[in-house]
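Residue strings, one per chain:
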There are 2 protein chains.
Amino acid sequence: MKKNYIMTPGPTPVPEEVLLEIAKPIIHHRTPQYQEIFKKAVEGLKYLFKTQNDVFTFASSGTGAMETAVINLLSKGDKAIVVRGGKFGERFGEICSAYGIEVIPIDVEWGKPVEPEVIKKTLSENKDVKAVFTTLCETSTGTKNDIEAISKVASSTKAVLVVDAISGLGADDMRTDEWKVDMVVSGSQKGVMLPPGLAFLSVSKRAMDMAKASDLPKYYFDLKAYKKSLDKNDVPWTPAVSLVRGFCKSIDMIKEEGLENVLARHARLAIGTREAVKALGLELFSASPSDAVTAVKVPEGVDGQNLVKTMRNKYGVTIAGGQEHLKGKIFRIAHLGYMIEFDTTTALSALEMVLKESGYKFKIGSGVGAALQAFAETQKTVGV
Amino acid sequence: MKKNYIMTPGPTPVPEEVLLEIAKPIIHHRTPQYQEIFKKAVEGLKYLFKTQNDVFTFASSGTGAMETAVINLLSKGDKAIVVRGGKFGERFGEICSAYGIEVIPIDVEWGKPVEPEVIKKTLSENKDVKAVFTTLCETSTGTKNDIEAISKVASSTKAVLVVDAISGLGADDMRTDEWKVDMVVSGSQKGVMLPPGLAFLSVSKRAMDMAKASDLPKYYFDLKAYKKSLDKNDVPWTPAVSLVRGFCKSIDMIKEEGLENVLARHARLAIGTREAVKALGLELFSASPSDAVTAVKVPEGVDGQNLVKTMRNKYGVTIAGGQEHLKGKIFRIAHLGYMIEFDTTTALSALEMVLKESGYKFKIGSGVGAALQAFAETQKTVGV
């Protein structure tokens, strides 16, 4: 018998209750019945984003909402600072370039967080910058940026701050209003425990004013149309009805657990994973590890791509490998969304089995043991 | 007890088997397992579109694929003919305008099909037109255009033909290759019996060449990225995994019935509905009725918006009202996707109940009777 476990930083496992909610007979979206569902979803998003700003929902992947942020906020010839410390930071730059936005890149070594001081310096040297784009958790490297500190730097200038929290939301704390973040992007197949197909974007009043003045061409992702509809508890185009309905079930589960407990659970799983990595004699890739996903350097003598493949094909445990130039050099274990301690020990168990088969020298069980030890020590709000 | 029936031209009912497929545990999209699913989906789309062209899948509503067609095919300052005979034809015009494409409108009275001769004349007066945008079934009016005849007219010029078959595909015959249609758009929540959230676009070699040369800004909907991925049996951004998986189940059902039988079934349900409309003393709205949806004029003395509302709230039967200036003037009954004779008789039964309550004079049962009579006469390939 083989069981399948998805331990990637998106898609993440979907709770059975949510899957069943998604499987309910379809309803029409221009009905009071759907309006109730949509209203609840919007309220849930505000809770998750810790914001009173509007939060918009798109039938798209997270990349669609990243594009929405860029093309609504900016106008032709605008300048933007883009923090590029991984694949997804780079994506913001690619989107800007596609629309003729002048990109002022801040290139950060993959695995390192961006220094807020560098953003401060770049902003002071480029007073006409309209926006700063960065990530909460850079999924490709498992690196968390200090959004609070970045926001302090940005909010003293006229530039608006846009944060890609696609994989971070619900795992790393994201205080949209308290930190004055104008736009926050997220997606469904991560911390909110849904299949892929929905993307989210919170928009401050200041960002919406810029959207009203933006002259970049757009239609499907035009925030003006979404705003006009949202004010009537509606959406401009046909929404992904079943996923929005599933989201209402997810948010029920998140609210029942309590967002702070959800964050604490992610932190605990991440700590356990990091302790296991150390106990196994492995090295973390990131200098500022996120609580959404842990990136680990592939040890010398082990074939990194084969490790990921064997974990999936032989043991049914799907983790993520490295992307771009990190292919084969790192592997990434998520603790994101519908995951508890025993999901982490399962991932670590499969990892240990494959490491052993690869000839890597370590004491078997030491990784899982270190994780359990960490769980025992950090056991607080959420019972195991 | 109340049962709910969705009889709108999108979303349409989703078969239980498909709902259960969608509810399966999520899998990662960068795996051989997903590649198998995706490959099957692409083959299924080619079967449905009757094409050997590439067919691309987007995580978006149909509007996203309409925009994809416009912004990939055209370049700045290009001219396009847009047939505007309803809300969705107009949408093509709005998208073109949003991107600075010069729109040469062919305005058709809502409910009338476009005359191919008018397109011919407009093309001959505007030899620099790059594309003609029209619809197979204009959902807002239930009107079918003669794509074969339009294509004959367009294919003798350099203009490419783009057809919105969002609601038409699988109901009205769409022979992409035989009729030489360069781009065909469709969506998931219609004839393919899925929840909303996926959109499809078939692209001829000629259209792809234009896409490679297009200078309109784009990112999420950039066909070059999709084409590069498709050639490796992959997608550029995270796909709506569960919906694509559901599509594989839908296409199994469609193939088992046979596409020609599926079309014949839609035709039969449409004929039955039209016969019922006549028997009830009502009038069809469209001069060229589609087999996807039947639009009916609201008779004098009956409140059209209330009729739709009462059918939904009292009887659980959700049909569609009129849009824009047709609000309250027409209602629309779909026979689209997962529907058989008894779905049509259910819709007609609820309609008769509400008409009777509205004080409209007719012999009760006459509509359902006329439909049954038509079904008996047209019973051929599909057993009832």
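Residues numbered from 1 in each chain as written. Chains lettered and ligands numbered in written order. Predicted model: local features only at pLDDT ≥ 70, side-chain atom pairs only at ≥ 80, totals over all residues. Heavy atoms only, no water.

1. Some thoughts on the environment of K79(B)
Residues and elements named next belong to chain B.
Thinking step 1. With respect to the helices, strands and loops of the structure, K79 is situated in strand β3 (residues 79-84).
Thinking step 2. Once residues within four sequence positions are removed from consideration, K79 is found in contact with I101, E102, I104, N126, D128, V129, K130 and A131.
Thinking step 3. A polar contact of 3.1 Å, which involves the side chain of K79, links it to the side chain of D128. (Helix = DSSP H or I, 4+ residues; strand = E, 2+ residues; numbered from the N terminus. Contact = heavy atoms within 4.5 Å. Polar contact = N/O pair within 3.5 Å; in protein donor to acceptor, adjacent residues only side chain to side chain.)

2. Focus on the domain arrangement of chain A
Residues and elements named next belong to chain A.
Thinking step 1. If you check the domain split of chain A, you get domain 1 (5-10 + 258-378) and domain 2 (16-256).
Thinking step 2. Centre-to-centre, using C-alpha coordinates, domain 1 lies 27 Å away from domain 2.
Thinking step 3. Contacts between the two partners involve 27 residues from domain 1, matched on the other side by 31 residues from domain 2.
Thinking step 4. A buried area of about 2300 Å², summed over both sides, lies between domain 1 and domain 2, and 60% of it is on carbon and sulfur atoms.
Thinking step 5. The largest contributions to the domain 1 side of the interface with domain 2 come from L259, Q323 and Y338, which together make up 23% of the buried area.
Thinking step 6. Remark: the boundary between domain 1 and domain 2 carries 2 salt bridges.
Thinking step 7. Between E260 and K50 there is a salt bridge; the shortest N-O distance is 2.8 Å.
Thinking step 8. The interface formed by domain 1 and domain 2 holds 16 residue pairs in polar contact (both at pLDDT 80 or more) in total.
Thinking step 9. Residue assignment for the side of domain 1 that touches domain 2 shows that the elements contributing at least two residues are α10 (259-279), β11 (293-297) and β14 (330-334).
Thinking step 10. Of all the elements, α10 adds the most residues to the side of domain 1 that touches domain 2, at 5 residues.
Thinking step 11. Residue composition of the side of domain 1 that touches domain 2, grouped by class: 14 nonpolar, 9 polar and 4 charged. (Domains from an automatic or database assignment. Buried area = accessible area lost by both parts, 1.4 Å probe. Salt bridge = Lys/Arg side-chain N within 4 Å of Asp/Glu carboxyl O. Nonpolar A, V, L, I, M, F, W, Y, C, P; charged D, E, K, R; others polar.)

3. Concerning the nonpolar core
Thinking step 1. Within the largest apolar cluster, 194 residues are counted, with the highest numbers of intra-cluster contacts made by F133(A), M174(A), F133(B) and M174(B).
Thinking step 2. Discounting residues that sit within four places of it in the chain, M174(A) has contacts with F49(A), K50(A), L136(A), I147(A), V163(A), A165(A), L169(A), W179(A), V181(A) and V184(A). (Core = buried A, V, L, I, M, F, W, Y, C linked by side-chain atoms within 4.5 Å. Buried < 20%, exposed > 50% of the residue type's maximum accessible area, 1.4 Å probe, protein only.)

4. Topic: the relation of the copies chain A and chain B
Thinking step 1. Structural alignment of chain A on chain B gives an RMSD of 0.0 Å, achieved by rotating through 180° and translating 0.0 Å along the axis. Seen this way, the second copy is the image of the first under a two-fold rotation axis. No C-alpha of chain A approaches the rotation axis more nearly than that of S60(A), which lies at 2.5 Å.
Thinking step 2. Comparing interface residues between copies, 100% of those in chain A also sit at the interface in chain B, which points to an isologous, same-surface contact. (Least-squares fit on C-alpha atoms with pLDDT ≥ 70 in both.)

5. Notes on the pairing of strand β4 (residues 102-107) of chain B
Residues and elements named next belong to chain B.
Thinking step 1. Where β3 meets β4, 6 bridges bridge the pair, whose relative direction is parallel. Opposite V82, over in β4, you have P105 as the bridge partner.
Thinking step 2. At this point the chain moves from β3, through helix α4 (residues 87-98), to the parallel β4, and the crossover so formed is right-handed. (Pairing = 2+ DSSP bridges. Right-handed = clockwise from strand over helix to strand, strands pointing away.)

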